[in-house]
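Structural characterization, general
The lines below spell out each chain.
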Amino acid sequence: MATVQRVAQVIGWIFIIVGIMGFFATGTSMDANVETAPRLFGLFPLNLLHNFVHLGFGIWGIAAARAWSSAKTYCQVAGVIYLVLAVLGFITPSGCGIIPIGSHDIWLHAGLGIVLTYFGFTAREAPAERQMPGV
């Protein structure tokens, strides 16, 4: 498995875990205000829709990890999306009243975006495994 595939897989599972944990923190709250929204670990504002977004990115990452090209695309696209979300967190912390993306989510989204875009845009396909003659 190439590095970019492993990154997509690990990030995917982290998103799944965070999405599930988020349901325990938020219940059915749709509060998008970063000041009053429920928080995961007391830091990261979430709401019900936010949890589903995390699950979606997680499922996409795990599915993308099955092939080098799809893992590369996942890391590139998801990375750029998270960098944009980091910038938007400064402009509209409540995500236009839909999903809280301000507060500590800004640096988390920026870090995630940097990691994903790095691995997505520097990915090199793993060399094919050598087979022994006659096998």
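Provided above is the structure to which this section pertains.
Quick caveat: nothing in here was measured; it's all calculated off a predicted structure.

**Examining the nonpolar core**
- Ranked by internal contacts, the top residues of the largest apolar core, which has 18 residues, are Ile11, Phe15, Tyr74, Cys75 and Leu116.
- Secondary-structure elements contributing two or more residues to this core are helix 1 (3-26), helix 2 (48-64), helix 3 (68-91) and helix 4 (105-121).
- When residues of this core are assigned to their parent elements, the largest contribution, six residues, is made by helix 3.
- In contact with Ile11, not counting residues within four places along its chain, are Tyr74, Leu112 and Leu116.

**Let's talk about helix 3**
- For helix 3, which comprises 24 residues, the first-to-last C-alpha distance of 35 Å matches the rise-based estimate of 34 Å (1.5 Å per residue) to within 8%.
- Along helix 3, the positions that sit buried rather than exposed are Trp68, Ala71, Tyr74, Cys75, Gln76, Ala78, Gly79, Tyr82, Ala86 and Gly89.
- Among the structural elements, helix 1, helix 2 and helix 4 are those in contact with the buried residues of helix 3.

**Structural notes on the packing of helix 3 against helix 4**
- Interhelical geometry of helix 3 versus helix 4 gives an angle of 155° and a closest axis separation of 7 Å. On the basis of their axis angle, the class for helix 3 and helix 4 is roughly antiparallel. As helix 3 packs across helix 4, the resulting crossing turns out to be left-handed.
- Partitioning the contact of helix 3 with helix 4 into residue classes produces 16 nonpolar, seven polar and one charged.

**What about the side chain of Gln76?**
- Within the fold, Gln76 resides in helix 3.
- Polar side-chain contacts of Gln76 include one of 3.1 Å to the backbone oxygen of Gly120.

**Let's talk about unusual backbone geometry**
- Positive phi values are uncommon outside glycine, yet Phe41 reaches one of about 60°.
- Taking the relative accessible area as the measure of exposure, Phe41 reaches 58% and is therefore exposed.
- A positive phi angle, near 60°, is found at Cys96, a position not held by glycine.
- Within the secondary structure, Cys96 sits in the loop between helix 3 and helix 4.

**Examining helix 1**
- Taking 1.5 Å of rise per residue, the 24 residues of helix 1 would be expected to cover 34 Å, and the 34 Å separating its terminal C-alpha atoms lies within 8% of that figure.
- The complete set of buried residues in helix 1 reads Val4, Gln5, Val7, Ala8, Ile11, Gly12, Phe15, Ile16, Gly19, Gly22 and Thr26.
- Residues of helix 1 that are buried in the fold lie against strand 1 (39-40), helix 2, helix 3 and helix 4.
- Where helix 1 terminates, the next one or two residues include Gly27, which has phi positive at roughly 60°.

Basis of the calculations
- Residues numbered from 1 in each chain as written.
- Predicted model: local features only at pLDDT ≥ 70, side-chain atom pairs only at ≥ 80, totals over all residues.
- Heavy atoms only, no water.
- Core = buried A, V, L, I, M, F, W, Y, C linked by side-chain atoms within 4.5 Å.
- Buried < 20%, exposed > 50% of the residue type's maximum accessible area, 1.4 Å probe, protein only.
- Helix = DSSP H or I, 4+ residues; strand = E, 2+ residues; numbered from the N terminus.
- Contact = heavy atoms within 4.5 Å.
- Expected span 1.5 Å × (residues − 1).
- Axes fitted to C-alpha atoms, helices over the stretch in contact; angles between N-to-C directions.
- Parallel < 35°, antiparallel > 145°, perpendicular 65-115°, else oblique.
- Left-handed = near helix turned anticlockwise from the far one by under 90°.
- Nonpolar A, V, L, I, M, F, W, Y, C, P; charged D, E, K, R; others polar.
- Polar contact = N/O pair within 3.5 Å; in protein donor to acceptor, adjacent residues only side chain to side chain.

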